[in-house]
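Close look at the chain arrangement
The residues making up each chain are set out below.
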Amino acid sequence: MGDTLKLGFVLTIICVIAAGSLAKVYDVTSVIIKKNEKELDEKKRKEIIPQAVAFEEKKVDGKTIFIGKDAQGKAIGSIFKIAPRGYAGPINAMIGIDEGGKVMAVSITKLDQAETPGLGTKVTGPKFRDQFKGKDGNALILKKDGGSIDAITAATISSRAVANGVHEGMEWYKKAVEGTVPIYGRSEAEP
Amino acid sequence: MLFAIISLGGLGFVLGAGLSIASKKFAVEIDPREEAVLKALPGANCGACGFPGCGGFAAAIVRGDAPVTGCTAGGVNTAKALGAIMGVEAEVVKKVARVYCKGGDKETTKKFLYAGIPNCRAATLIAGGDKTCPFGCVGLGTCAVVCPFDAIRMENGLPVVDEEKCPGCGKCEKACPKYTIRVVPADSKVVVTCNSTDKGAAVKKYCSTGCIGCGICVKACPKQAITMENSLAFINFEKCDNCGLCVAKCPTKNIINYLETGPSHREEAA
Amino acid sequence: MSLWKDFTTGIIKENPVIVLMIGLCPALAVSSSANDAFGMSIAVIAVLLASNVIVSLIRHHVPDSIRIPIFIVIISTFVTAVDYIIHAFDMELYASLGVFIPLIVVNCIILGRAEAFAYKNNVLSSALDGLGMAFGFMLTMVILGGIREIIGNGTFTILNYQFINLGQGYNPALVFIMPPGAFLTIAFMMAAHRKWLKK
Amino acid sequence: MVSNELTWYMILMSSILINNIVLIRFLALCSFFGVSNEIETSIGMGMAVIFVMTLASASTWILWYALLLPLHLEYLRTAVFILVIAGLVQFVEMYMKKALKSLYNAMGIYLPLITTNCAVLAIALLNIDYGLGFVNSIIYTVGVALGYTLAIILFAGIKERLALSTAIPTPFRGHPIAFITASLMSLAFLGFSHLFGL
Amino acid sequence: MHLLKRKGFKGGVHPPDGKELSNAKAVVTLPVPEKVKIPLSQHIGAPAEPLVKVGDTVKKGQKIGEAQGYISVPIHASISGKVTALASFPHPAGKSLPSIQIESDGLDEWSGDVKENPNYKNLLPDEIKSIIQGAGIVGMGGAAFPTHVKLSPPANKKIDTLIINGAECEPYITADHRLMLEEPDRVIEGASIIARALSVSNILIGIEDNKPDAIRAMTDAAKNPPNSPLSKGGEVGISIKVVSLKVMYPQGGEKQLIKAVSGREVPSGGLPMDIGSVVHNVATAAAVYDAVRFGRPLIERIVTISGSGVNNPGNFKVRSGTSSLKLIEAAGGLKSDIGKVISGGPMMGTAQHTLDIPVTKGMSGLLFLPQNQVESFASQACIRCGRCVAVCPMGLLPNMLGIYAELDRFDQAEKANLMDCIECGSCAYVCPSKRPLVHLIRYAKADVMARRKKAA
Amino acid sequence: MSDEKLLTLSSSPHIRDGSSVTSVMHTVVLALSPGAATGVYLFGLPALATIILAIASSVALEAWMQWVMGRKITIFDGSAILTGLLLAMNLPSSSPWWITVTGSAVAIIVGKHLYGGLGQNIFNPALVARVFLLISWPVQMTSFPAPSALLAKGVDAVSTATPLTNIKMELMSHKANIDITQLPQPSTFDLLLGVHGGSLGEVPIMALLIGGFYLLYKRIITWHIPISFIGAALAFSAIMWFVDPAKYANPVFHIMTGGLVLGAFFMATDYVTSPVTNKGMLIFGAGCGFLTIVIRLFGGYPEGVSFAILLMNLATPLIDKLVTPSRFGEAKANG
Ligand SMILES: Cc1cc2nc3c(=O)[nH]c(=O)nc-3n(C[C@H](O)[C@H](O)[C@H](O)COP(=O)(O)O)c2cc1C
Ligand SMILES: Cc1cc2nc3c(=O)[nH]c(=O)nc-3n(C[C@H](O)[C@H](O)[C@H](O)COP(=O)(O)O)c2cc1C
Ligand SMILES: Cc1cc2nc3c(=O)[nH]c(=O)nc-3n(C[C@H](O)[C@H](O)[C@H](O)COP(=O)(O)O)c2cc1C
Ligand SMILES: Cc1cc2nc3c(=O)[nH]c(=O)nc-3n(C[C@H](O)[C@H](O)[C@H](O)CO)c2cc1C
Ligand code: SF4
Ligand code: SF4
Ligand code: SF4
Ligand code: SF4
Ligand code: FES
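Fair warning: this is a prediction, and the values are worked out from it, not measured in the lab.

Observations concerning the overall build of chain F
- Summing up its helical and strand segments, chain F has 14 helices and three strands in all.
- Computed over the C-alpha atoms, the radius of gyration of chain F is 22 Å, within 12% of the 20 Å expected from 2.2 N^0.38 for a compact globule of 335 residues.
- Oriented by its inertia axes, the alpha-carbon framework of chain F measures out at about 85 × 60 × 30 Å.
- A buried classification covers 62% of the 335 residues belonging to chain F.
- Sequence separation of 24 or more characterises 73% of the internal contacts of chain F that already satisfy a separation of 6 or more.
- Surface accessibility of chain F: about 12,300 Å² in total, with carbon and sulfur atoms responsible for 68%.

Considering the sheet that holds strand S2 (residues 35–39) of chain E
Residue and element names in this part refer to chain E.
- Ordered in space as S2-S8-S7-S4, the four strands form an open sheet in which the pairing is antiparallel. Edge strands, defined here as strands with exactly one partner in the open sheet, are S2 and strand S4 (57–58).
- In this structure, strand S7 (residues 81–90) lies alongside strand S8 (residues 96–104), joined through nine bridges in antiparallel fashion. Of the residues in S8, the one forming a bridge with phenylalanine 89 is leucine 97.

What to know about the domain arrangement of chain F
Residue and element names in this part refer to chain F.
- What the domain assignment reports for chain F is domain 1 (21–141) and domain 2 (163–323).
- Centre-to-centre, using C-alpha coordinates, domain 1 lies 21 Å away from domain 2.
- Every contact between the two is made by 36 residues of domain 1 and, on the other side, 32 residues of domain 2.
- Across the domain 1/domain 2 interface, buried area totals approximately 2,700 Å², and carbon plus sulfur atoms make up 76% of it.
- Among the residues domain 1 hides against domain 2, the three largest losses belong to Met89, Asn124 and Leu127. Together they make up 17% of the total.
- At the junction of domain 1 and domain 2, the tally comes to zero salt bridges.
- Looking at which element gives the most residues to the side of domain 1 that touches domain 2, the answer is helix H1 (residues 21–43), with twelve residues.

Quick word on the arrangement of the chains
- Here the protein chains form 13 pairs of chains in contact, of which the pair with the most contacts is chains E and F.
- Nothing in chain A touches chain E, and the closest approach of their C-alpha atoms is 38 Å.
- The two units chain C and chain E remain apart, with a minimum C-alpha distance of 24 Å.

Some points on the sheet that holds strand S12 (residues 277–281) of chain E
All names here are of chain E.
- With parallel pairing, the four strands of this open sheet are ordered in space as S11-S10-S9-S12. Among the strands making up the open sheet, the edge pair consists of strand S11 (239–245) and S12. Here the strands of the sheet are splayed against their neighbours by 25° on average, with no regard to which way each runs.

Comments concerning the packing of aromatic side chains
- Throughout the structure, instances matching the rule amount to 32 aromatic pairs over all chains.
- Judged by centre distance (6.0 Å) and plane angle (55°), the rings of phenylalanine 156 of chain C and phenylalanine 163 of chain C are tilted.
- With a relative accessible area of 51%, phenylalanine 163 of chain C lands in the exposed category.
- Arranged with centres 4.4 Å apart and planes meeting at 45°, the rings of tryptophan 61 of chain D and tyrosine 65 of chain D form a pair that is tilted. Here the residue tryptophan 61 of chain D and the residue tyrosine 65 of chain D both occupy positions in helix H3 (residues 39–68), the gap between them amounting to four residues, near one helical turn.
- By relative accessible area, which is 17% here, tryptophan 61 of chain D ends up buried.
- Positioned above the aromatic ring of tyrosine 100 of chain B is the side chain of arginine 182 of chain B, whose terminal nitrogen or guanidinium carbon lies 4.1 Å from the ring centre.
- Just above the ring of tryptophan 64 of chain D sits the side chain of arginine 77 of chain D; from NZ or CZ to the centre is 5.5 Å.

Here we look at the interface of chain D and chain F
- Opposite the 29 residues of chain D that make contact, chain F presents 33 residues.
- Counting each side, the surface lost to burial between chain D and chain F is near 2,600 Å², with a carbon and sulfur contribution of 76%.
- When the area that chain D buries against chain F is broken down by residue, the three leading residues are Arg161, Leu184 and Leu187 of chain D, summing to 23%.
- At the surface where chain D touches chain F, the tally comes to one salt bridge.
- Here lysine 321 of chain F and glutamate 160 of chain D are joined by a salt bridge, their closest N and O atoms 2.8 Å apart.
- Our count for the contact surface shared by chain D and chain F stands at eight residue pairs in polar contact (both at pLDDT 80 or more).
- When contributions to the side of chain D that touches chain F are tallied by element, the ones reaching two or more residues are helix H8 (134–162) and helix H9 (175–189) of chain D.
- If you tally residues by element for the side of chain D that touches chain F, the top one is H9 of chain D, at eight residues.
- Its residues placed into classes, the side of chain D that touches chain F shows 20 nonpolar, seven polar and two charged.

As for the nonpolar core
- Among the nonpolar cores identified, the biggest contains 269 residues, and Phe33 of chain D together with Phe266 of chain F are the most heavily contacted of them.
- With 13 residues, H8 of chain D is the largest single contributor of residues to this core.
- Excluding its chain neighbours within four sequence positions, the residues that come into contact with phenylalanine 266 of chain F are Val28, Ala31, Leu32, Leu86, Leu208, Gly211, Gly212, Leu215 and Val261 of chain F.
- Membership of the second largest hydrophobic core comes to 56 residues, among which are Ala122 of chain B together with Leu397, Cys421 and Leu440 of chain E.

Digging into the site of ligand 6
- Around ligand 6 sit Cys120, Cys137, Val138, Gly139, Leu140, Gly141, Cys143, Met154, Pro159, Cys176, Thr180 and Ile181 of chain B, and those are all the residues in its vicinity.
- Tallied by class, the residues present in the shell around ligand 6 amount to nine nonpolar, three polar and no charged.

Let's talk about empty space enclosed by the protein
- A complete count under the given rule lists 18 cavities of 30 Å³ or more for this structure.
- What the largest cavity holds in volume is close to 300 Å³.
- Around the largest cavity sit 23 residues that line it, and Met25, Leu82, Leu86, Asp270 and Tyr271 of chain F are the ones nearest its centre.
- At the level of secondary structure, the elements contributing two or more residues to the lining of the largest cavity comprise H1, helix H3 (79–89), helix H5 (125–136) and helix H12 (260–267) of chain F.
- Examining the composition of the lining of the largest cavity, we find that four residues originate from one element, H3 of chain F, more than from any other.
- Tallied by class, the residues present in the lining of the largest cavity amount to 15 nonpolar, six polar and two charged.
- When residues of the lining of the largest cavity are assigned to domains, at least three map to each of domain 1 (21–141) and domain 2 (163–323) of chain F.
- Of the volumes computed, that of the second largest cavity is approximately 190 Å³.
- Taken together, 19 residues line the second largest cavity, and the ones lying closest to its centre are Ala115 of chain B, Phe377 of chain E together with Ser10, Ser11 and Arg16 of chain F.

Here's the deal with the site of ligand 5
- Taken together, 14 residues surround ligand 5, and among them Cys101, Cys133, Cys194, Asn195 and Cys207 of chain B come closest.
- A class-by-class count of the residues in the shell around ligand 5 yields six nonpolar, seven polar and one charged.

Digging into H3 of chain F
- Judged by how many residues are buried, H3 of chain F sits mostly within the fold: ten of eleven residues are covered.
- Taken residue by residue, H3 of chain F has Ser79, Ala80, Leu82, Thr83, Gly84, Leu85, Leu86, Leu87, Ala88 and Met89 of chain F as its buried positions.

With respect to the pairing of strand S8 (residues 232–235) of chain B
Residues and elements named next belong to chain B.
- In this structure, strand S7 (residues 226–229) lies alongside S8, joined through four bridges in antiparallel fashion. Across the sheet, the residue bridging to glutamate 229 is leucine 232, located in S8.
- Here S7 folds back onto S8, and the loop between the two strands holds two residues, one of which, asparagine 230, carries a positive phi near 55°.

Rules used throughout
Residues numbered from 1 in each chain as written. Chains lettered and ligands numbered in written order. Predicted model: local features only at pLDDT ≥ 70, side-chain atom pairs only at ≥ 80, totals over all residues. Heavy atoms only, no water. Helix = DSSP H or I, 4+ residues; strand = E, 2+ residues; numbered from the N terminus. Rg over C-alpha atoms; globule rule 2.2 N^0.38 Å. Buried < 20%, exposed > 50% of the residue type's maximum accessible area, 1.4 Å probe, protein only. Contact = heavy atoms within 4.5 Å. Areas by Shrake-Rupley, 256 points an atom, 1.4 Å probe, with all protein chains shown as cover. Pairing = 2+ DSSP bridges. Domains from an automatic or database assignment. Buried area = accessible area lost by both parts, 1.4 Å probe. Salt bridge = Lys/Arg side-chain N within 4 Å of Asp/Glu carboxyl O. Axes fitted to C-alpha atoms, helices over the stretch in contact; angles between N-to-C directions. Phe/Tyr/Trp six-rings, centres within 6.5 Å; stacked < 30°, edge-to-face > 60°. Lys NZ or Arg CZ within 6 Å of the ring centre and 35° of its normal. Polar contact = N/O pair within 3.5 Å; in protein donor to acceptor, adjacent residues only side chain to side chain. Nonpolar A, V, L, I, M, F, W, Y, C, P; charged D, E, K, R; others polar. Core = buried A, V, L, I, M, F, W, Y, C linked by side-chain atoms within 4.5 Å. Near = heavy atom within 4 Å. 1 Å grid on protein atoms, 1.4 Å probe; cavity = no way out; pocket = protein on both sides within 12 Å on 5 of 7 lines; lining within 4 Å. Points joined across faces, edges and corners; volume = space filled by probe spheres on them.

Put into structure tokens, the structure is as follows:
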């Protein structure tokens, strides 16, 4: 029995040391991780609306949108997520829409999708994404479908998914958000 | 932090204590000697011991089902090592494979053209093999194929054993349909390399080097080590002291003295 | 001399992945680009070195019957630490290595070395052995990842620096960055290694 | 990707065929290559994996949601999980060896191999990462283990045939040709990719 | 007209039969040879022991070799004359084996032991069996298994059917065909005697339907058996039925024949008697008739000499021990470029290395193939086409047996039912990779048999 | 020591049926030629170039491999020609040369000779190559020039989608009201002749069927695999069609499109990679047919024949192990 206790004891000590050190590592790194994650999100939003200095989070119709504001606190655009179904699952994109109801930018990072590498993943490239800039309405769908977006060769499905996603996002935005969100010139001081 | 220490520590304690209890409660005896034996074996997994690989042999030794001398591949040293582990004295003689036929392609006649599998045992299923001599080496090299130590090569339709590589595992002997390759004590160097018990006249018809049973060697041997059995000279290893006097006398040059051929010399020195 | 041998065996003669065939999972799973492969190797080096050293240090105080759980605790501590550190400093690498960082715990190389070497040898030897094995792992990983990335993507990137870019004219063979390509590449590496060692 | 929204047979399809743990996800490779020389042993290995994985998934899931998460000890996850798995396997092995000799001979001898089988830990972790409920975790685990069993049995069949071939070029004999085979198996399994939109 | 499935079995092949070379040639009885070399081993089982010395004079039909044990038969002089040698001579089996050489005195006198038995119809089964054994009768269908053994099943095996094998499925061989055509009565009578020895009343005679004339002759003979021994004396009447069989090699294989004529399947590893059947060749039946009716031992048989290597193929009745050189002469000599000589048919026969071999009781034919018909040995890896599997009449996997044998994996081969193989050669015949499957199988069988013997 | 001419001795049987590996392979090549010729007729010179290049590179690579390994060079046994031809028939007629050559290399080196050459491989070499190429270069491997008249320049011919791709695209659009019956598709007659987009050798169904029946007639192949393959595909697609004709195409359409006929008669029947017993072949064929339809209807790829055959190839050793012929005398052994 003494032996048993001894073994248990040794292992306990090791575990205690391990747990202690892990707790320490966690304490140190978790702060950095949280900061990094926040910065990353911020960075993404900044990329979509570079002029914005601050973002306001708002829930509309069950969806989170971020309203970007300039130095004067004026709303200059909104950012929200879309997740159209692509070739291999959802493509988690973010789009920004300016005060005139036109697309400011579409952001899709490599981590946001699972399309075929070298094929569907091309939707993450600027060449495809930048086509959406400054467009609205039916211009947002693929040329094949009557719009103005060029599909990626041999990845029509992914391209169409993104285009339709952006288009539907825009429709939703117009319907649900317009009027409830104070952009379009009206400024509102922060409380 | 506190929770962390308590939970992981607790888990550690439970596991440590639990495992130690369990290992006692469920203990199953494993013989440490088995591991030691396995380590002492050469690990060629040749199977010559008759067990499935070295592991099987090790288990058998520990069970007492196999002798410590069972590993022919390992030779004397292995046997000694195993003897030390198992606490028994090993007594082994170094063995080697020797070819008991000297009638290659050049010396012998064929009775037909063989069209079949290049395997000596398979070939003897067809009219006993294509050589006119019913006792001679078939020459298709099955012994060389089965040798796990790559110690046999074929020359002039006969196997040649590299004594240095051959540990005397006996696989070739088992594979040979004619018993023309045999594992014998390595220090018996003078060998009658014929297997034919036909009468001299018959042998002469089909082989220019076969033993014709003339008996000259019997007379030449100062040790009375040679006897004539069924028209074939037979050397008793126990009596023969490798003097080689018979070699010079044999009219068909059938007797070979391995002392004078390469590899065995060096081995003797070592 | 013997120390040098402790170090080099792991790199070539007993290369963990292509000779000992251990630690295969991370080697194949995170080698679709040289960058990931490199990052993974660094993580493995850190864990392997640290665990070998610690195990070797405490080896006289470890009761035989619970050595495995003790090793596991030690290793998993380092692995978790490495996991958090990567998470903190390279988000993208963290995302692509994914579940394979915690899996370093069960990577047979680490436990295997702890058990087979560090548990029986002094600290210096163990450290060198760990380093050698880890470098062997890294070498295989970078070559494997490099081949796969060059053929399958037309690029070769380490630490986010692009060394090779075959450009637009090259049509990458996508299969190389997919699962079959990993198995295929490592098979050829093994065969080449054998052929090379035989000579 | 597996999630709680999928029906049970979709989870199975995904884990057995589409994301086959060995051929597509690269887990459990050591035993896949090591214990696949005969169909019979590979079946034993498969059974052992199914058993251990299910046990491990269930216990780690409970530990996570009942202990680590409430106490905010997420960072102990790896250490706790692997300890529990290792301990579990060792208990099971010892118990079987003593009490269930015939079962032990059929699959117990493969148990130690499983401790270091990264798939067991991986699935325990993935159950958490995917946020699967308890039942879905078990379904997913069983699916993964079945996928492993399927792959290793097919592989063992092929390897038995390869063992009868004396014509494989020397540098490729043994492991390299086994990897080539795994590569081509994986190629064939890519045919299942995106099955049912998964 | 083939609405009804013709009688046959599963698998099999259709080699070109070459029978047209000799099936229209009536049997020619060769003159008494001046010298015979009679091997002491002409059957399966222990060889006979010689009863004569060099210099002894012997008469035709005199016993010159004594059977050794139960599975063995005596050997008889096939000519009258003087014993001139007791030595080893080439034997169709390939090696040289002990034989008795007799030089003829030209008289061809029967030994006094040979006595007619006009009352043979009243013989009891045991008496018939001992006459058959004493006459040295062995199966003439190829295997040369002592006939009396097959007639004495253990008490627990109830035999209800006698099957007479007139299939003669081997290409080229026409000896049985001519026998059935020319002397159907002898066959029917012999079959009836065997039936009586076995106490069965049901005789089925299987003949491939490429021999319609033989089927007709046998059917006629069977319809009114000249003096059927069993129909007399108040015992049960016997029924003799001729069954026409699908032409398919190896229809004459015992197990295949039984399956075809009676639908019964001999269990794996079993014997025909396990399912109440006994099979005998037509020539065996005729020999039984000669022995029981006339007291004559088995000293002559019909041999087909054929193949495109001989000038004049034909069927010859010859004394056992006659040199094959005599037969060649009778068949008009050889064309120059003979490459292969086969005792028996091309599918199962044994290749010979000399032209001078003695005729034995089991030799149904001698085949001479010119060099350009000799198959060269150029085998490749198995391409797994499955043809061998499809044709194997025993339902085996010949491709796997071959591979196992090649790798010396005899245990695996044995598990794959190696020992069920009847060595019919169908598999090797169809293999596009020209794999020597039968040779490989024999190689493996030899090993398994040696091990079984050692274990026993 | 003597000059006397010796007789030859071998084991029985002493006669052979005259078939040989070479003659078998050449017969299959002959049987494929109507299909290949129609392919060339439909897609013009580029198709011819692809065929010639595939065959030439396969044969050359086989010779090279055998030379490197120090083996006997057996390029004239026809198996490399056949592999090359079948590979070409599985490619779009417009394949760039490097795709064709890479395909041959994968087929001959990885698919065949690493396993030890003819008879030893586990997977169908041509299909290994095709799937390898499809996954590596999906753009090139799924761009099919429209068929045009003889000698048309394929280079600038318009690309068309195959009938199966049409359907897959519709399904993948995730629209609410999918109705594939409304899609423009070639007529049955055009399908028979092969006047639509697709790999150069898979479209001419009629010509392929002629070749397939020739193989059956010559007894190079047996009916088991083609019939069970097509039968299973027919049965399973019919069930799904009854379930929802708007989402699942009718069974006849399934048989006549894609590589099903080519696969069923010429590729699934490859001796080396399919089971040896008739029962095994039935299981194998049925598995191929079922998996083909599963992949077509529910998978990510429009076409599933290649994958289905490869998947069944990898089950072949197991099938051969489990499904053995009924042994003579076994059934009644205990009865
Ligand atoms: C291996 C493979 C991967 C594919 N991956 C994608 C993909 O990621 N995104 C996509 O839209 N289509 C993908 N496809 C679908 C085809 O490329 C399909 O033919 C294409 O989407 C049709 O577009 P096209 O009309 O531009 O040729 C893939 C196809 C294959 C064979
Ligand atoms: C493949 C094969 C083919 C045979 N063909 C014949 C045949 O055509 N005619 C025949 O009488 N016996 C043939 N036999 C021998 C029979 O199996 C059986 O031994 C014989 O008919 C028994 O009669 P017996 O003892 O009178 O010879 C063949 C045997 C085998 C294995
Ligand atoms: C194209 C084709 C299809 C066939 N289909 C069948 C079939 O579905 N069922 C069947 O029993 N026989 C079918 N047969 C008949 C076979 O050729 C053969 O008669 C039968 O399979 C017997 O073969 P077995 O000796 O392997 O039993 C078919 C023949 C051909 C040429
Ligand atoms: C009926 C038949 C079908 C064949 N099909 C293929 C095939 O689909 N692909 C291929 O590479 N070889 C095929 N071959 C050729 C040959 O079997 C192939 O090269 C071997 O797989 C190589 O070992 C076929 C041969 C035959 C007789
Ligand atoms: S006579 Fe002797 S040496 Fe000559 S071949 Fe025969 S056994 Fe060999
Ligand atoms: S010694 Fe025996 S096995 Fe070796 S080649 Fe001669 S006959 Fe064959
Ligand atoms: S395996 Fe035997 S029984 Fe079967 S076909 Fe071949 S020789 Fe005949
Ligand atoms: S017939 Fe020949 S090539 Fe075909 S499966 Fe049988 S052994 Fe192999
Ligand atoms: S099983 Fe995954 S690394 Fe060994």
